[in-house]
Every structure is written in structure tokens, then in C-alpha cells.
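# Report on the structure
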Amino acid sequence: MGAGVVCRVLGELAFEIDGVGIPLGGVLSRRLVAGLATGDGFAVSDEVLAEYVWQDEQPAAAVRALRVMVWRLRSTGIGEWIRRMPAGYALAVPVEQTDHGQFVAAVNRGLQQLRGNDAIRAEASLESALALWRGTPWADLGESPLVAGSRARLEELRQVAVEELQAARLTVGDVARAVPALEQAVAESPYRERRWELLVLALCQAGRPERAIAELHRVRSLLADGVGLDPGPSLCALEHRLTPRHRVPVRSGRWR
């Protein structure tokens, strides 16, 4: 049981059986299924589900209302996947058949391949991982604090995947795609130093050392003006390699 079933939560909720989308009803039903999906196959308590579904506006008989909603969902194709357990309800879909589970596995596989000097496979793994990302994880649950930690972990992993995909591309010599992707990545998250490091390396690999040095100047000024910090060890090592020795960086972000 389980073949052909995929639950997607990286963006708006979608539940598919053999590639066919299953209608999930209105907002409250979608929140219920999305809340169940946070359990990764394990039971989610009635109290937690009620908070996912109604947030700060729970009805007086929330548990009874949940049971009615589940009963209604049983008339759809998703019904057989919702199980009543002693601890609550569970969505009996293995984590490897959810897009967030596939995303985590593909990113970890890509990072391991990159560490093992298999950049070609790492590039493919990281590209496949990022292709699964359609938007905010568990978007149907709004700003629920219950899912904030899981969202933050997935978002951080996505940021790492964006960066290390470009590292894999540089390793295989695909500078043409790496440079614009890194320029965009730096613009989106300018305080992530790994992106600047990779951009500088990409520009050097593309035969543009002057532009690489200019980017080192830019990130130093950005960090100094924005958070009052010098660049970290990796960027400092690049500065030492690429800039003339008589031009010494100072904390203000200016050069002398």
C-alpha cells in the first residue's frame, strides 16, 4: 500500500494518487490534511490538529468538529489514508512519498556526492531537490507557530541547496550558469557569505578577476555597514589571495 501516492506540502497542499490530484475541499479541510502531513506518518493529537485548523478561533466542540471533517474526507480518495490512532489522527503516507521528504533526501544525497567529489551526480541531485520546491512549506497553515520550526529547517536546507548546486556547477566547469545564478542568490540573501565566496570564485574561473575583487569590496562594505562585522575566514582568505598586499582592509569596510 502506498504506491502511486504523493503528498505535496512545499507550497499549496496537493495530494495525488497515480498522478491524479484529489480534491481536498475548503480551507478548513485543507488545513486539516496539511496539519496531518506535519506528522510524517505519525499521529497528530486532536488538540494540535484543532489549532492547525482553527488557530485562535476554535469552536467549543472542536474535537467533535474534527471527527465530522475526517468523516467527510473519507468520502474522497484521501479517506483511506487517514487513520485513527490512540494518540490522534495520522496521515499514513510514508515520508519518502511526500515532497518534503524527497526534498530532504535529495539535498542530503547531493551534499554527500559533492563531498565525495562526484560533482556531476551532485548537480543532478540538487537540481531535482530544488525542482520540488513550489513555495512556503505548509502554506495552507498560514503563520501557525506550530510549523515554524519545520519551515525554518526546510528553508535553511533550501538555501544550502541553492549554494551547493552552484559549487557543483563550478566543479564541472559550468560557469555560464553559475555566475548569473550566484548573482541572483546574492541579491536574494546578501548576508550569506557562502554565496559571495562562490560568486568570487566563479568570476575568477570566468576570467574576470577585476570584477571578483570588486565583489569582495562590496561584501566587505555590506557587512561593515549592515551588521558591523568583517568577512569570515573563507572570504578573508580570498581577499588575501586576490588583492594587492599594499591594500589592507579595515573594519569600516573601506580600503587603504
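So, how was this worked out
Residues numbered from 1 in each chain as written. Predicted model: local features only at pLDDT ≥ 70, side-chain atom pairs only at ≥ 80, totals over all residues. Heavy atoms only, no water. Salt bridge = Lys/Arg side-chain N within 4 Å of Asp/Glu carboxyl O. Helix = DSSP H or I, 4+ residues; strand = E, 2+ residues; numbered from the N terminus. Buried < 20%, exposed > 50% of the residue type's maximum accessible area, 1.4 Å probe, protein only. Core = buried A, V, L, I, M, F, W, Y, C linked by side-chain atoms within 4.5 Å. Contact = heavy atoms within 4.5 Å. Phe/Tyr/Trp six-rings, centres within 6.5 Å; stacked < 30°, edge-to-face > 60°. Lys NZ or Arg CZ within 6 Å of the ring centre and 35° of its normal. Pairing = 2+ DSSP bridges.

## Brief notes about the pattern of salt bridges
All chains considered together, the criterion is met by 21 salt bridges. Between Glu127 and Arg177 there is a salt bridge, with the nearest N and O atoms lying 3.4 Å from each other. Here Glu127, found in helix H5 (residues 119-131), pairs with Arg177, found in helix H7 (residues 175-188); they are 50 residues apart in sequence, far enough to count as distant. Assessed through its relative accessible area of 40%, Arg177 is described here as partly exposed. Via salt bridges that share partners, Glu123, Glu127, Arg169, Asp174 and Arg177 belong to a single interconnected network.

## A short note on the nonpolar core
In terms of nonpolar packing, the biggest core is built from 48 residues, with Phe15, Leu32, Leu91 and Phe103 touching the most fellow members. The set of elements that each furnish at least two residues to this core consists of strand E1 (5-8), helix H1 (27-37), helix H2 (46-54), helix H3 (62-73), strand E5 (88-91), helix H4 (99-115), H5 and helix H6 (148-171). Those residues within four positions of Leu32 in sequence are excluded, and the remaining contacts are Leu49, Val53, Leu66, Met69, Val70 and Leu73. By size, the runner-up hydrophobic cluster in this structure holds 23 residues, among which are Ala167, Ala168, Leu182 and Leu203.

## A look at the packing of aromatic side chains
Under the definition given, this model contains one aromatic pair. Here Arg84 stacks its cationic end above the ring of Tyr89, 4.4 Å away from the centre of that ring.

## Section: the sheet that holds strand E3 (residues 20-21)
Pairing in this open sheet of three strands is antiparallel, and the strands run E1-E2-E3 from one edge to the other. The open sheet is flanked by E1 and E3, the only strands paired with a single partner. One ladder, built from two bridges, connects strand E2 (residues 14-17) with E3; its direction is antiparallel. Following the sheet pairing, Glu16 is matched in E3 by Gly21.

## Section: the side chain of Ser125
Mapped onto the elements of the fold, Ser125 is located in helix H5. In contact with Ser125, other than residues within four places in its own chain, are Ala106, Arg109, Gly110 and Gln113.

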